[in-house]
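Topology and contacts: notes
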Amino acid sequence: MDGFDPEQYDVDFLDRGGTVHDFIDNKIKELSLVVSITTFLYNLVKKYVIWCNNLPRVKPFYAVKCNDTPTVIGVLSALGTGFDCASKAEIQLALSLGVTPDRIIYAHTIKAESHIKYARTHGVQMMTFDNQEELSKIARCHARAKLVLRITVDDSKAVRRLNTKFGASLDSAGRLLQRAGELGLDVVGVSFHVGCQCTDSRAYRQAIADARQVFNIAVGLSLLDIGGGFSGNENFKVKFEEVAATINLALDDFFPVGCGVQIIAEPGRYYVESAFTLAVNVIAKKVIMEEAEGVPDRVMMYYVNDGVYGSLSFLINDPTSAEGSERRYRSVIWGPTCDSLDKLTDSCLLPELQVGEWLLMDNTGAYTVCLATDFNGFEKAHVYSLKTSLHRGTTCTCRHKDVPGLLAAAPES
Ligand code: PLP
C-alpha cells in the first residue's frame, strides 16, 4: 500500500502461522497491563473495500474522534480516505501524519475561535455550522471557509442520539443561509448525522430527503455529507449492506448521478470497531450468595483493570456471555476505580474465573482507547498495532475505480 510505511509507526508483526490470540497471550504474559490489540491492516483494508463496493458514490471522511491511534490514521490515509476532525488537536494529528488539508473537514458545529484560526492558518477550508453565533465567529476568523450547514434529523432509531445537541432545524435553514450570505460567507453544502449505531436504514433516506429540501431553497450547493452512524460489528442487528442499499436508492432519488453534488460521509465506528481486541485482567474477585427462584446461588463479582474511566465507558452493560460447556454463573464486572459507578455489567453469564485470568473483548475499537482517563492513577490501555496478512484474491476485489494503493496491500502474505 503506497504511503503507509510500518517503520514510521510502532507496529508489531505477527509470526508466520501465529494467531492474534497467540500474540495477545504472549503480550499479557510479558506485561500486567490492560492491552488493546489492533489487527489494523487486515481490518481497515477489508472495511475500506466493503465501503467502496457498497457505497461507490460516497467518499468516506473517517471520524478521528472515534479512535485516533496513529496506525489507524496512517492506513486510512494511505487508502485515500478523507478525515473528519473535531478540534485543533485532531487537525494537528492528521496533518502531522501527512494528511493534506483538502482531505479534512472540520466537522464540529461548536468551535473555539482559536481552533478556527488554526484551521485557517493550516489550510483547512471545509467546516460545519448550525447557528448564527458560529457564523459570526467564522466570519471573524476564517472568512474564506467552505461551510456546510448541519441540519437536525430523526435520530430516534440510534443507540446514541446526537440531534438534541447539534443541527439546525429545517425551519431555520433559510434564515441561516441568508445570514451567511449577509456575512459574505460561502456555504457549499449540507450535512447530518442520524445518530451512532443507527438501527433503521430508513433514517438515512428521510435525512437525505430533508437535506434535499435545503438544496431546493439555496443556490449553488455542491456537497452532501451523510455523516456517520454505521456499525462496524458484523453481528449488529442491521447489516451495513442493507443500510448502503437504502442510501444508494435515496441518493438516486434525491441526488441522481450527474446532479453535480459530491457526496461524502463521516464514518467512525464502521472502520475501527472490529479492528481492536481489548484484554483486561481480573485483579480481584468476591463471591456472594443470592437467591435465584428461591434457591441460593453463587454470584461472582470480578474487578478488572479497565473500566468506565478507562476504555470501556461506551460498553457499559453490553450484554455479554461466554459460550462453552462449563457451569456458568451470573457475574458482575466492576472497573478498578473507587467509584461505584465504575461497573461494566450487572449481569453476564461466565464460567468461574480466577484472579490473574484475562478476559478478551472483541469489537472494542470504537470510542474506547480514545476516551480513557487515568482517574485514580490507573494506567490507560496500551495499544499494540499488529500487522496481519492479507491474502491475495480473498476479500480484496474492489469495484470502485479510485482506490489508491489497494493492490499493493493485498499480496502481503
Ligand atoms: N461525525 C460527527 C459530527 C460525529 O459527532 C460523530 C460521532 O459522534 C461521527 C461523525 C462518527 O459517528 P459514528 O462513529 O457513529 O460513525
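Residues numbered from 1 in each chain as written. Predicted model: local features only at pLDDT ≥ 70, side-chain atom pairs only at ≥ 80, totals over all residues.

- The name that an unreviewed UniProt entry assigns to the protein chain is ornithine decarboxylase, with the source organism given as Myripristis murdjan.

1. Quick notes on unusual backbone geometry
- Unusually for a residue other than glycine, Glu-293 sits at a positive phi of about 50°.
- With respect to the secondary-structure elements, Glu-293 resides in the loop between β13 (276-292) and β14 (295-304).
- Assessed through the 5 C-beta atoms surrounding it within 10 Å, Glu-293 is described here as exposed.
- Despite not being glycine, Asn-363 shows a phi value in the positive range, around 55°.
- Given 22 C-beta atoms within a 10 Å radius, Asn-363 is considered buried. (Helix = DSSP H or I, 4+ residues; strand = E, 2+ residues; numbered from the N terminus. Buried ≥ 20, exposed ≤ 12 C-beta atoms within 10 Å, placed from the backbone.)

2. A short note on the UniProt feature "modified residue: N6-(pyridoxal phosphate)lysine" (unreviewed entry) in the protein chain
- Under the present numbering, the feature "modified residue: N6-(pyridoxal phosphate)lysine" (unreviewed entry) in UniProt falls on Lys-65.
- Topologically, Lys-65 is positioned in the loop between β3 (58-63) and α3 (70-79).
- Residue Lys-65 is classed as buried on the basis of its C-beta count, with 20 C-beta atoms lying within 10 Å.
- Apart from the residues lying within four places of it in its own chain, the contact partners of Lys-65 are Ala-86, Glu-90, Gly-268 and Cys-370. (UniProt positions renumbered as here; feature names shortened; annotations may be inferred. Contact = placed C-beta atoms within 7 Å.)

3. Brief notes about the packing of helix α7 (residues 170-182) against helix α8 (residues 202-217)
- Where α7 contacts α8, the two axes come as close as 10 Å, and the packing angle between them is 35°. Relative to α8, the crossing made by α7 is right-handed. In this structure, α7 uses Leu-170, Ala-173 and Gly-174 to contact α8, whose residues at the interface are Asp-210, Gln-213, Val-214 and Ile-217.
- Here the residues of the contact of α7 with α8 are counted per class, giving four nonpolar, two polar and one charged. (Axes fitted to C-alpha atoms, helices over the stretch in contact; angles between N-to-C directions. Left-handed = near helix turned anticlockwise from the far one by under 90°. Nonpolar A, V, L, I, M, F, W, Y, C, P; charged D, E, K, R; others polar.)

4. A word on the nonpolar core
- In this structure, Leu-44, Tyr-106, Leu-147 and Leu-149 are the most contacted members of the largest nonpolar core, which totals 109 residues.
- A domain-level breakdown of this core finds at least three residues from each of domain 1 (6-38 + 274-388) and domain 2 (55-266).
- Filtering out sequence-adjacent residues up to four positions away, Leu-44 remains in contact with Val-72, Val-75, Leu-76, Tyr-271 and Ala-275. (Core = buried A, V, L, I, M, F, W, Y, C linked by C-beta atoms within 7 Å. Domains from an automatic or database assignment.)

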